Amino acid sequence: MLYLKTSSLHRIMISISRNLQSVRARIADAARKYGRDPAGIALLAASKTWSAERIADAARAGQKIFGENYVGEGVPKIAQLAPEGLEWHFIGPLQSNKTRPVAENFAWAHSIDRLKIAERLSAQRSEALAPLQVCLQINTSGEASKSGVPPSEALALARLVVALPRLVLRGLMSIPEPEDDFLRQRAGFARLRELFDALKKEGIDLDTLSMGMSHDLEAAIAEGSTLVRVGTAIFGEREKK
Ligand SMILES: *Cc1c(COP(=O)(O)O)cnc(C)c1O
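An account of the accompanying structure is given in this report. Source: prediction; values computed, not measured. (Residues numbered from 1 in each chain as written. Predicted model: local features only at pLDDT ≥ 70, side-chain atom pairs only at ≥ 80, totals over all residues. Heavy atoms only, no water.)

## Here's the deal with the pattern of salt bridges
Quick reminder of the rule: For salt bridges, the criterion is a side-chain nitrogen of Lys or Arg within 4 Å of an Asp or Glu carboxyl oxygen. Only runs of H or I of at least four residues qualify as helices and only runs of E of at least two qualify as strands under DSSP, and these elements are numbered from the N terminus. Exposure categories follow from relative accessible area, calculated using a 1.4 Å probe and restricted to protein chains: below 20% of the type maximum is buried, above 50% is exposed, and the middle band is partly exposed.
Throughout the structure, instances matching the rule amount to 15 salt bridges. The residue R54 makes a salt bridge to D57 at a minimum N-O spacing of 2.9 Å. Of this pair, R54 and D57 both sit in helix α2 (residues 52-60), 3 residues apart, which is roughly one turn of that helix. Neither residue differs from the other here; R54 and D57 are each classed as buried. Put simply, E104 and R100 hold a salt bridge, and the shortest N to O gap is 3.6 Å. With a gap of 4 residues between them, E104 and R100 both fall in helix α4 (residues 99-105), about one helical turn apart. When salt bridges that share partners are traced, they join R186, R193, D197 and E223 into one network.

## Describing the pairing of strand β5 (residues 132-137)
We count it as follows: Only strands that DSSP links by at least two bridges are regarded as paired with each other. The definition of a right-handed crossover adopted here requires that, viewed with the strands pointing away, the path from the first strand over the helix to the second runs clockwise.
Burial within β5 is extensive, with 6 of its 6 residues counted as buried. Of the two faces of β5, the one lined by L132, V134 and L136 and the one lined by Q133, C135 and Q137 are each fully buried. Bridging between strand β4 (residues 108-112) and β5 involves 3 bridges; their strand directions are parallel. Of the residues in β5, the one forming a bridge with I112 is L136. You can see the chain leave β4, run along helix α5 (residues 115-124) and come back into β5, and the turn it takes is right-handed. Sheet topology places β5 next to strand β6 (residues 167-173); 6 bridges connect them, and they run parallel. Across the sheet, L132 pairs through a bridge with L167, a residue of β6.

None of the figures reported here should be taken as evidence of function without further support.
Here is the structure:
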């Protein structure tokens, strides 16, 4: 029995390693196709719902950047995996009563969508840590229900965030509605890239476009993504809550 268990765990580890190889190959192929340097496209493994053991498997296969969506789930995994020397990004919805664990445990936060959250993160970021690297989450699809700042308010928010002492504004992030058509995927990412270019023209120093997931990373890379956030294509389908 023990042998069977070990061997099935071994199989999972091999499949995570294979999946990572194929995701890296997709990134490299898309980079080649759209004239990008693959070294300019980081891969974040979105590890929500997956155990510390599965994350350690991915780490053993060379993956170093991981993203978590919920502090209650992410912080214990970060503690458990501390010896692995991984880089942790917070990519989930940010609530003002949950900013402290984000400020204390993560290197990055991608989902800044209002000043109050940014101010709290800056105030709560310890001097013992490097400044928190942040992205503004932009609502490029325009539905009232979606989180993220409307594009029209991004420049004003960016100027205020840049002034906060313990944050470094790195770029923009979006989570578009799922879309199967490549050209429509691309059009959504183009809206984020155009806003990124517009903010840079206004003097905001940005280097990160956090866009693209398992089903649309090629379209995101075509439009200039510098960081794709991939869960399913690395770890497999998540169980529905
Ligand atoms: C879960 C998640 C991802 C990864 O999604 P997949 O479709 O599983 O690749 C990326 N970004 C965010 C913000 C997520 O919550």
